[in-house]
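# Report on the structure
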Amino acid sequence: MSCDFQALAVAGVRALSPYQPGKPIEELARELGLDPAGIVKLASNENPLGPSPKALEAARSALADLCRYPDGNGFALKARLAERLNVTPAQLTLGNGSNDVLEVIARCFADSSSEVVFSQYAFAVYPIVTQAIGAKGISVPAKDWGHDLDAMAAAVTERTRLIFIANPNNPTGTVLGREAIEVFLQAVPERVLVVLDEAYCEFLEDGSQDDSLGWLSRYPNLIITRTFSKAWGLAALRVGYSISSAEIADVLNRVRQPFNVDSIALAAATAVLDDQDYLERSQQVNSAGLRQLSDGFRSLGLNFIPSAGNFIAVEVGANAAAIYQSLLRQGVIVRPVAGYGMPEHLRVSVGLATENDRLLAAMAEALREQGDVRSD
Ligand SMILES: *Cc1c(COP(=O)(O)O)cnc(C)c1O
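Only a predicted model underlies this, so the values are computations on that prediction, with no experimental measurement involved. (Residues numbered from 1 in each chain as written. Predicted model: local features only at pLDDT ≥ 70, side-chain atom pairs only at ≥ 80, totals over all residues. Heavy atoms only, no water.)

## Structural notes on the site of the ligand
Neighbouring the ligand are the residues G97, S98, N99, F123, N170, D197, A199, Y200, T227, S229, K230 and R238. One of the side-chain nitrogen or oxygen atoms of N170 is found 2.7 Å away from an oxygen atom of the ligand. Here S229 contributes a side-chain N or O atom positioned 2.6 Å from an oxygen atom of the ligand. Coverage of the ligand by the protein chains reaches 94% of its 390 Å² of free accessible surface. Classifying every residue of the shell around the ligand by side-chain character gives three nonpolar, six polar and three charged. (Near = heavy atom within 4 Å. Polar contact = N/O pair within 3.5 Å; in protein donor to acceptor, adjacent residues only side chain to side chain. Areas by Shrake-Rupley, 256 points an atom, 1.4 Å probe, with all protein chains shown as cover. Nonpolar A, V, L, I, M, F, W, Y, C, P; charged D, E, K, R; others polar.)

## Side note on the pairing of strand β2 (residues 92-95)
Of the two faces of β2, the one holding L92 and L94 and the one holding T93 and G95 are both buried throughout. One ladder, built from four bridges, connects β2 with strand β8 (residues 240-243); its direction is antiparallel. If you follow T93 over to β8, its bridge partner there is S242. (Buried < 20%, exposed > 50% of the residue type's maximum accessible area, 1.4 Å probe, protein only. Helix = DSSP H or I, 4+ residues; strand = E, 2+ residues; numbered from the N terminus. Pairing = 2+ DSSP bridges.)

## A few points about the UniProt feature "domain: Aminotransferase class I/classII large" (unreviewed entry) in the chain
When the UniProt feature table is mapped onto this chain numbering, "domain: Aminotransferase class I/classII large" (unreviewed entry) sits at residues 39-360. As a span, residues 39-360 carries 37% helix and 17% strand, and end to end its C-alpha atoms are 14 Å apart. (UniProt positions renumbered as here; feature names shortened; annotations may be inferred.)

## A closer look at the sheet that holds strand β7 (residues 222-227)
Ordered by their spatial adjacency, seven strands build an open sheet running β2-β8-β7-β6-β5-β3-β4, and the pairing between neighbours is mixed. This sheet does not close on itself; its edge strands, each paired only once, are β2 and β4 (136-140). If you compare each strand with its neighbour and ignore which way they point, the axes differ by 20 degrees on average. Bridge count between β7 and β8: four bridges; the pairing is antiparallel. Bridge pairing in β8 links T225 to S242. Lying over the sheet, helix α6 (residues 98-109) contacts β2, β5 (160-166), β6 (193-197), β7 and β8, oriented at roughly 155 degrees with respect to β7. (Axes fitted to C-alpha atoms, helices over the stretch in contact; angles between N-to-C directions. Contact = heavy atoms within 4.5 Å.)

## Description of unusual backbone geometry
The omega torsion of the bond from N167 to P168 falls at -5 degrees, within 30 degrees of zero and hence cis. Structurally, P168 can be placed in the loop between β5 and α9 (178-187). Between N170 and the following residue, P171, the backbone shows a cis peptide bond with an omega angle of 15 degrees. Tracing the backbone through its elements, the reader meets P171 in the loop between β5 and α9. Despite not being glycine, N86 has its phi angle at roughly 60 degrees, a positive value. Following the sequence through the fold, N86 ends up in the loop between α5 (75-85) and β2. What makes N86 exposed here is its relative accessible area of 72%. Within the chain, D144 stands out as a residue other than glycine whose phi angle is a positive 50 degrees. With respect to the helices and strands, the residue D144 is situated in the loop between β4 and α8 (149-154). For D144, a relative accessible area of 67% puts it in the exposed group.

Below, the structure is given as C-alpha coordinates:
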(Lines give C-alpha, C1' and ligand atoms only; values in the text may rest on other atoms or scores of the structure.)
Protein backbone atom coordinates (compact mmCIF):
# COMPACT_ATOMS: atom_id res chain seq x y z
CA MET A 1 0.00 0.00 0.00
CA SER A 2 1.33 3.40 -0.86
CA CYS A 3 0.80 6.42 1.28
CA ASP A 4 -2.02 8.91 0.57
CA PHE A 5 0.22 11.91 0.12
CA GLN A 6 -2.73 14.22 -0.51
CA ALA A 7 -3.98 13.36 2.95
CA LEU A 8 -0.56 14.18 4.39
CA ALA A 9 -0.80 17.79 3.20
CA VAL A 10 -1.67 20.26 5.97
CA ALA A 11 -5.40 20.99 6.28
CA GLY A 12 -5.36 24.40 4.62
CA VAL A 13 -3.43 23.08 1.64
CA ARG A 14 -5.78 20.09 1.21
CA ALA A 15 -8.68 22.51 0.77
CA LEU A 16 -6.76 24.79 -1.60
CA SER A 17 -7.46 25.26 -5.29
CA PRO A 18 -4.56 26.74 -7.24
CA TYR A 19 -4.57 30.28 -8.62
CA GLN A 20 -6.15 30.29 -12.10
CA PRO A 21 -4.06 32.42 -14.42
CA GLY A 22 -5.26 33.81 -17.75
CA LYS A 23 -4.90 31.41 -20.66
CA PRO A 24 -1.51 31.87 -22.36
CA ILE A 25 -1.53 32.88 -26.06
CA GLU A 26 0.56 29.83 -27.04
CA GLU A 27 -1.88 27.46 -25.33
CA LEU A 28 -4.90 28.83 -27.20
CA ALA A 29 -2.91 28.78 -30.46
CA ARG A 30 -2.10 25.08 -29.87
CA GLU A 31 -5.67 24.18 -28.89
CA LEU A 32 -7.39 25.86 -31.83
CA GLY A 33 -4.61 25.74 -34.41
CA LEU A 34 -4.58 29.55 -34.56
CA ASP A 35 -1.66 31.81 -35.45
CA PRO A 36 -0.36 33.20 -32.12
CA ALA A 37 0.29 36.54 -33.83
CA GLY A 38 -3.44 36.97 -34.45
CA ILE A 39 -4.49 36.28 -30.88
CA VAL A 40 -5.41 39.16 -28.58
CA LYS A 41 -4.83 38.49 -24.88
CA LEU A 42 -6.72 40.78 -22.54
CA ALA A 43 -6.73 38.33 -19.65
CA SER A 44 -3.95 39.13 -17.19
CA ASN A 45 -3.91 42.92 -16.81
CA GLU A 46 -0.62 43.05 -18.67
CA ASN A 47 0.82 46.23 -20.15
CA PRO A 48 -0.20 46.34 -23.85
CA LEU A 49 2.72 48.61 -24.82
CA GLY A 50 5.34 45.89 -24.64
CA PRO A 51 8.35 46.42 -22.38
CA SER A 52 10.18 49.73 -22.02
CA PRO A 53 13.25 49.95 -24.31
CA LYS A 54 15.29 51.12 -21.31
CA ALA A 55 14.28 48.04 -19.34
CA LEU A 56 15.10 45.77 -22.29
CA GLU A 57 18.54 47.28 -22.71
CA ALA A 58 19.33 46.88 -18.99
CA ALA A 59 18.07 43.30 -19.04
CA ARG A 60 20.34 42.50 -22.00
CA SER A 61 23.37 44.00 -20.27
CA ALA A 62 22.66 41.94 -17.15
CA LEU A 63 22.93 38.73 -19.18
CA ALA A 64 26.72 39.06 -19.15
CA ASP A 65 26.73 38.20 -15.43
CA LEU A 66 24.43 35.17 -15.50
CA CYS A 67 27.08 33.07 -13.72
CA ARG A 68 26.84 35.24 -10.60
CA TYR A 69 24.22 35.28 -7.88
CA PRO A 70 22.08 38.39 -7.89
CA ASP A 71 22.56 41.11 -5.29
CA GLY A 72 20.47 39.57 -2.53
CA ASN A 73 19.86 42.98 -1.00
CA GLY A 74 18.82 44.62 -4.25
CA PHE A 75 20.96 47.64 -3.34
CA ALA A 76 20.60 49.61 -6.58
CA LEU A 77 16.87 49.01 -7.01
CA LYS A 78 16.11 49.84 -3.38
CA ALA A 79 18.22 53.00 -3.55
CA ARG A 80 16.39 54.18 -6.67
CA LEU A 81 12.96 53.28 -5.27
CA ALA A 82 13.71 54.92 -1.93
CA GLU A 83 14.64 58.13 -3.68
CA ARG A 84 11.51 58.05 -5.83
CA LEU A 85 9.15 57.25 -2.96
CA ASN A 86 10.89 59.42 -0.37
CA VAL A 87 11.40 56.53 2.05
CA THR A 88 14.58 54.80 3.27
CA PRO A 89 15.94 51.62 1.62
CA ALA A 90 15.48 49.89 5.00
CA GLN A 91 11.71 50.30 4.60
CA LEU A 92 11.66 48.27 1.38
CA THR A 93 11.30 44.52 0.94
CA LEU A 94 11.73 43.12 -2.57
CA GLY A 95 9.77 40.13 -3.83
CA ASN A 96 9.51 37.77 -6.78
CA GLY A 97 6.48 39.73 -7.85
CA SER A 98 4.38 41.35 -5.14
CA ASN A 99 2.66 37.98 -4.76
CA ASP A 100 5.86 36.75 -3.17
CA VAL A 101 5.80 39.65 -0.71
CA LEU A 102 2.14 38.95 0.13
CA GLU A 103 3.04 35.35 0.94
CA VAL A 104 6.07 36.33 3.01
CA ILE A 105 3.91 38.75 5.00
CA ALA A 106 1.39 36.00 5.74
CA ARG A 107 4.10 33.55 6.80
CA CYS A 108 5.80 36.11 9.04
CA PHE A 109 2.74 37.32 10.88
CA ALA A 110 0.07 34.62 10.85
CA ASP A 111 -0.14 30.94 11.71
CA SER A 112 -2.78 28.29 12.30
CA SER A 113 -4.11 30.17 15.32
CA SER A 114 -4.69 33.37 13.32
CA GLU A 115 -7.49 34.96 11.36
CA VAL A 116 -6.81 36.94 8.21
CA VAL A 117 -9.46 39.37 6.95
CA PHE A 118 -10.09 40.22 3.30
CA SER A 119 -13.07 41.22 1.18
CA GLN A 120 -15.42 39.17 -0.94
CA TYR A 121 -14.37 39.59 -4.61
CA ALA A 122 -10.85 40.61 -3.55
CA PHE A 123 -7.64 39.34 -5.16
CA ALA A 124 -7.49 35.51 -5.14
CA VAL A 125 -3.97 35.42 -3.72
CA TYR A 126 -5.16 36.55 -0.25
CA PRO A 127 -7.20 33.43 0.54
CA ILE A 128 -4.50 31.26 -1.03
CA VAL A 129 -1.61 32.56 1.10
CA THR A 130 -3.89 32.48 4.16
CA GLN A 131 -4.96 28.87 3.69
CA ALA A 132 -1.45 27.74 2.77
CA ILE A 133 -0.20 28.65 6.25
CA GLY A 134 -3.23 27.08 7.92
CA ALA A 135 -4.71 30.40 9.05
CA LYS A 136 -8.43 31.09 8.93
CA GLY A 137 -9.57 33.43 6.17
CA ILE A 138 -12.45 35.75 6.99
CA SER A 139 -14.11 36.90 3.78
CA VAL A 140 -16.19 40.01 4.49
CA PRO A 141 -19.18 40.61 2.17
CA ALA A 142 -18.50 43.35 -0.34
CA LYS A 143 -20.48 46.57 -0.71
CA ASP A 144 -21.24 47.59 -4.31
CA TRP A 145 -18.50 45.14 -5.45
CA GLY A 146 -15.92 46.98 -3.32
CA HIS A 147 -14.46 46.68 0.17
CA ASP A 148 -16.88 47.38 3.02
CA LEU A 149 -14.30 48.87 5.35
CA ASP A 150 -16.69 49.31 8.29
CA ALA A 151 -17.61 45.64 8.12
CA MET A 152 -13.95 44.68 7.74
CA ALA A 153 -12.98 46.68 10.84
CA ALA A 154 -15.88 45.04 12.68
CA ALA A 155 -14.61 41.60 11.64
CA VAL A 156 -11.39 42.06 13.62
CA THR A 157 -11.17 39.73 16.63
CA GLU A 158 -8.51 38.81 19.17
CA ARG A 159 -7.17 36.34 16.65
CA THR A 160 -6.87 38.72 13.69
CA ARG A 161 -3.28 39.28 12.64
CA LEU A 162 -3.60 40.60 9.10
CA ILE A 163 -5.99 42.45 6.82
CA PHE A 164 -5.52 42.50 3.06
CA ILE A 165 -6.98 45.39 1.05
CA ALA A 166 -6.51 45.78 -2.70
CA ASN A 167 -6.81 49.38 -3.84
CA PRO A 168 -7.79 49.51 -6.66
CA ASN A 169 -9.20 46.00 -6.31
CA ASN A 170 -8.76 43.20 -8.82
CA PRO A 171 -11.04 41.87 -10.39
CA THR A 172 -13.71 44.51 -9.68
CA GLY A 173 -11.68 47.69 -10.30
CA THR A 174 -13.29 49.42 -7.31
CA VAL A 175 -11.29 52.05 -5.46
CA LEU A 176 -11.43 53.38 -1.91
CA GLY A 177 -11.12 57.08 -1.13
CA ARG A 178 -8.39 58.52 1.03
CA GLU A 179 -10.71 59.48 3.90
CA ALA A 180 -12.33 56.06 4.06
CA ILE A 181 -8.95 54.34 4.34
CA GLU A 182 -7.75 56.73 7.03
CA VAL A 183 -10.90 56.21 9.10
CA PHE A 184 -10.30 52.47 8.74
CA LEU A 185 -6.63 52.68 9.76
CA GLN A 186 -7.70 54.62 12.87
CA ALA A 187 -10.27 51.97 13.74
CA VAL A 188 -7.95 48.95 13.43
CA PRO A 189 -5.87 48.04 16.50
CA GLU A 190 -2.14 48.58 15.98
CA ARG A 191 -1.37 44.89 16.60
CA VAL A 192 -3.26 44.01 13.39
CA LEU A 193 -1.19 44.52 10.24
CA VAL A 194 -2.96 46.19 7.33
CA VAL A 195 -1.64 45.32 3.87
CA LEU A 196 -2.63 47.87 1.25
CA ASP A 197 -2.03 46.19 -2.11
CA GLU A 198 -1.48 48.97 -4.63
CA ALA A 199 -0.66 46.94 -7.73
CA TYR A 200 -2.71 49.37 -9.86
CA CYS A 201 -2.03 52.67 -8.08
CA GLU A 202 -0.16 54.13 -11.08
CA PHE A 203 -3.42 54.06 -13.03
CA LEU A 204 -5.31 56.31 -10.59
CA GLU A 205 -6.27 59.41 -12.51
CA ASP A 206 -6.86 61.78 -9.58
CA GLY A 207 -3.26 62.23 -8.46
CA SER A 208 -3.84 60.19 -5.28
CA GLN A 209 -1.40 57.40 -6.08
CA ASP A 210 1.14 58.26 -3.39
CA ASP A 211 -1.25 59.40 -0.64
CA SER A 212 -0.72 56.14 1.22
CA LEU A 213 3.02 56.75 1.66
CA GLY A 214 2.21 59.61 3.99
CA TRP A 215 0.27 57.28 6.29
CA LEU A 216 3.26 55.04 7.05
CA SER A 217 4.59 57.33 9.77
CA ARG A 218 1.20 57.60 11.48
CA TYR A 219 0.15 53.96 11.15
CA PRO A 220 3.15 51.73 11.92
CA ASN A 221 1.02 48.63 11.24
CA LEU A 222 0.62 49.61 7.57
CA ILE A 223 2.37 47.68 4.77
CA ILE A 224 1.99 48.94 1.20
CA THR A 225 2.75 46.56 -1.67
CA ARG A 226 3.46 47.56 -5.26
CA THR A 227 4.62 45.88 -8.43
CA PHE A 228 6.53 46.32 -11.68
CA SER A 229 4.11 43.91 -13.40
CA LYS A 230 1.38 46.32 -14.48
CA ALA A 231 2.03 50.00 -15.30
CA TRP A 232 5.79 49.37 -15.51
CA GLY A 233 5.33 46.51 -17.96
CA LEU A 234 7.65 43.87 -16.47
CA ALA A 235 5.22 41.07 -15.53
CA ALA A 236 7.47 38.30 -16.87
CA LEU A 237 10.41 39.31 -14.71
CA ARG A 238 8.54 39.07 -11.38
CA VAL A 239 9.46 42.12 -9.32
CA GLY A 240 7.34 43.62 -6.57
CA TYR A 241 8.04 45.19 -3.21
CA SER A 242 6.59 46.39 0.03
CA ILE A 243 7.01 49.68 1.84
CA SER A 244 6.62 49.50 5.61
CA SER A 245 8.39 50.51 8.78
CA ALA A 246 12.04 49.40 8.83
CA GLU A 247 11.08 47.14 11.76
CA ILE A 248 8.50 45.21 9.73
CA ALA A 249 10.84 45.10 6.70
CA ASP A 250 13.49 43.52 8.93
CA VAL A 251 11.05 40.72 9.82
CA LEU A 252 10.06 40.17 6.17
CA ASN A 253 13.68 40.08 5.06
CA ARG A 254 14.37 37.20 7.46
CA VAL A 255 11.86 34.97 5.73
CA ARG A 256 12.06 35.86 2.05
CA GLN A 257 14.35 33.72 -0.10
CA PRO A 258 17.79 35.36 -0.14
CA PHE A 259 17.87 35.66 -3.96
CA ASN A 260 14.16 36.04 -4.64
CA VAL A 261 14.65 38.68 -7.34
CA ASP A 262 17.07 37.73 -10.12
CA SER A 263 19.73 39.98 -11.63
CA ILE A 264 17.92 40.57 -14.91
CA ALA A 265 14.78 41.60 -13.07
CA LEU A 266 16.73 43.87 -10.71
CA ALA A 267 18.50 45.56 -13.63
CA ALA A 268 15.34 46.03 -15.69
CA ALA A 269 13.28 47.32 -12.77
CA THR A 270 16.00 49.79 -11.77
CA ALA A 271 16.26 51.05 -15.34
CA VAL A 272 12.53 51.33 -15.99
CA LEU A 273 12.18 53.77 -13.09
CA ASP A 274 14.12 56.21 -15.28
CA ASP A 275 11.65 55.77 -18.11
CA GLN A 276 9.05 58.28 -17.00
CA ASP A 277 7.91 58.56 -20.61
CA TYR A 278 6.98 54.85 -20.61
CA LEU A 279 4.95 55.24 -17.42
CA GLU A 280 3.10 58.22 -18.83
CA ARG A 281 2.34 56.40 -22.07
CA SER A 282 1.06 53.44 -20.02
CA GLN A 283 -1.25 55.78 -18.16
CA GLN A 284 -2.49 57.50 -21.33
CA VAL A 285 -3.12 54.24 -23.18
CA ASN A 286 -4.97 52.97 -20.15
CA SER A 287 -7.19 56.03 -19.71
CA ALA A 288 -8.07 56.02 -23.40
CA GLY A 289 -8.67 52.25 -23.34
CA LEU A 290 -10.93 52.44 -20.29
CA ARG A 291 -13.05 55.02 -22.09
CA GLN A 292 -13.08 53.01 -25.33
CA LEU A 293 -14.14 49.81 -23.57
CA SER A 294 -16.73 51.58 -21.38
CA ASP A 295 -18.29 53.28 -24.40
CA GLY A 296 -18.19 50.02 -26.34
CA PHE A 297 -19.85 48.02 -23.56
CA ARG A 298 -22.54 50.70 -23.23
CA SER A 299 -23.22 50.48 -26.97
CA LEU A 300 -23.59 46.72 -26.61
CA GLY A 301 -26.06 47.27 -23.77
CA LEU A 302 -23.73 45.66 -21.21
CA ASN A 303 -23.39 46.79 -17.61
CA PHE A 304 -19.91 46.97 -16.14
CA ILE A 305 -18.26 47.94 -12.88
CA PRO A 306 -16.54 51.33 -13.29
CA SER A 307 -12.82 50.62 -12.93
CA ALA A 308 -9.81 52.48 -11.58
CA GLY A 309 -7.45 49.74 -12.78
CA ASN A 310 -6.29 48.55 -16.21
CA PHE A 311 -9.25 46.18 -16.69
CA ILE A 312 -13.04 46.18 -16.53
CA ALA A 313 -15.38 43.56 -15.10
CA VAL A 314 -18.23 43.48 -17.61
CA GLU A 315 -21.57 41.82 -16.87
CA VAL A 316 -22.46 39.46 -19.70
CA GLY A 317 -25.10 37.41 -17.89
CA ALA A 318 -25.73 33.75 -17.15
CA ASN A 319 -24.05 32.65 -20.41
CA ALA A 320 -20.68 34.08 -19.40
CA ALA A 321 -18.92 30.73 -19.85
CA ALA A 322 -20.30 30.34 -23.39
CA ILE A 323 -19.39 33.91 -24.25
CA TYR A 324 -15.87 33.32 -22.94
CA GLN A 325 -15.60 30.27 -25.22
CA SER A 326 -16.94 32.18 -28.20
CA LEU A 327 -14.35 34.92 -27.62
CA LEU A 328 -11.62 32.25 -27.49
CA ARG A 329 -12.78 30.80 -30.81
CA GLN A 330 -12.48 34.31 -32.23
CA GLY A 331 -8.93 34.55 -30.92
CA VAL A 332 -9.63 36.85 -27.99
CA ILE A 333 -8.65 35.77 -24.47
CA VAL A 334 -10.35 37.41 -21.48
CA ARG A 335 -10.66 36.21 -17.89
CA PRO A 336 -13.64 34.34 -16.45
CA VAL A 337 -14.22 35.37 -12.84
CA ALA A 338 -16.67 32.68 -11.72
CA GLY A 339 -13.92 31.54 -9.33
CA TYR A 340 -14.31 34.91 -7.62
CA GLY A 341 -18.03 34.35 -7.17
CA MET A 342 -18.83 36.51 -10.20
CA PRO A 343 -20.27 33.95 -12.63
CA GLU A 344 -22.03 36.56 -14.80
CA HIS A 345 -18.98 38.76 -15.35
CA LEU A 346 -15.87 38.54 -17.49
CA ARG A 347 -12.78 40.60 -16.74
CA VAL A 348 -11.33 42.37 -19.75
CA SER A 349 -7.87 43.96 -19.53
CA VAL A 350 -7.30 47.24 -21.33
CA GLY A 351 -5.33 46.74 -24.55
CA LEU A 352 -4.17 48.92 -27.39
CA ALA A 353 -6.98 50.65 -29.30
CA THR A 354 -6.89 47.99 -32.04
CA GLU A 355 -7.03 45.19 -29.46
CA ASN A 356 -9.95 46.80 -27.66
CA ASP A 357 -11.73 47.06 -31.02
CA ARG A 358 -11.11 43.34 -31.65
CA LEU A 359 -12.58 42.52 -28.24
CA LEU A 360 -15.65 44.69 -28.77
CA ALA A 361 -16.31 43.20 -32.22
CA ALA A 362 -15.84 39.67 -30.90
CA MET A 363 -18.11 40.46 -27.95
CA ALA A 364 -20.83 41.72 -30.30
CA GLU A 365 -20.54 38.45 -32.27
CA ALA A 366 -20.58 36.34 -29.08
CA LEU A 367 -23.72 38.13 -27.89
CA ARG A 368 -25.36 37.57 -31.29
CA GLU A 369 -24.57 33.84 -31.08
CA GLN A 370 -26.11 33.68 -27.62
CA GLY A 371 -29.19 35.53 -28.86
CA ASP A 372 -29.49 32.98 -31.68
CA VAL A 373 -29.18 30.09 -29.21
CA ARG A 374 -31.87 31.59 -27.01
CA SER A 375 -34.29 32.26 -29.87
CA ASP A 376 -33.82 28.76 -31.37
C1 LIG B 1 -1.48 41.80 -10.58
C2 LIG B 1 -1.68 41.97 -9.11
C3 LIG B 1 -0.60 41.94 -8.24
C4 LIG B 1 0.80 41.85 -8.75
O5 LIG B 1 1.28 40.61 -8.86
P6 LIG B 1 2.83 40.40 -9.16
O7 LIG B 1 3.14 39.21 -8.35
O8 LIG B 1 3.56 41.62 -8.66
O9 LIG B 1 2.95 40.23 -10.61
C10 LIG B 1 -0.81 42.13 -6.89
N11 LIG B 1 -2.05 42.38 -6.42
C12 LIG B 1 -3.10 42.46 -7.23
C13 LIG B 1 -4.43 42.80 -6.66
C14 LIG B 1 -2.95 42.22 -8.59
O15 LIG B 1 -4.01 42.26 -9.39
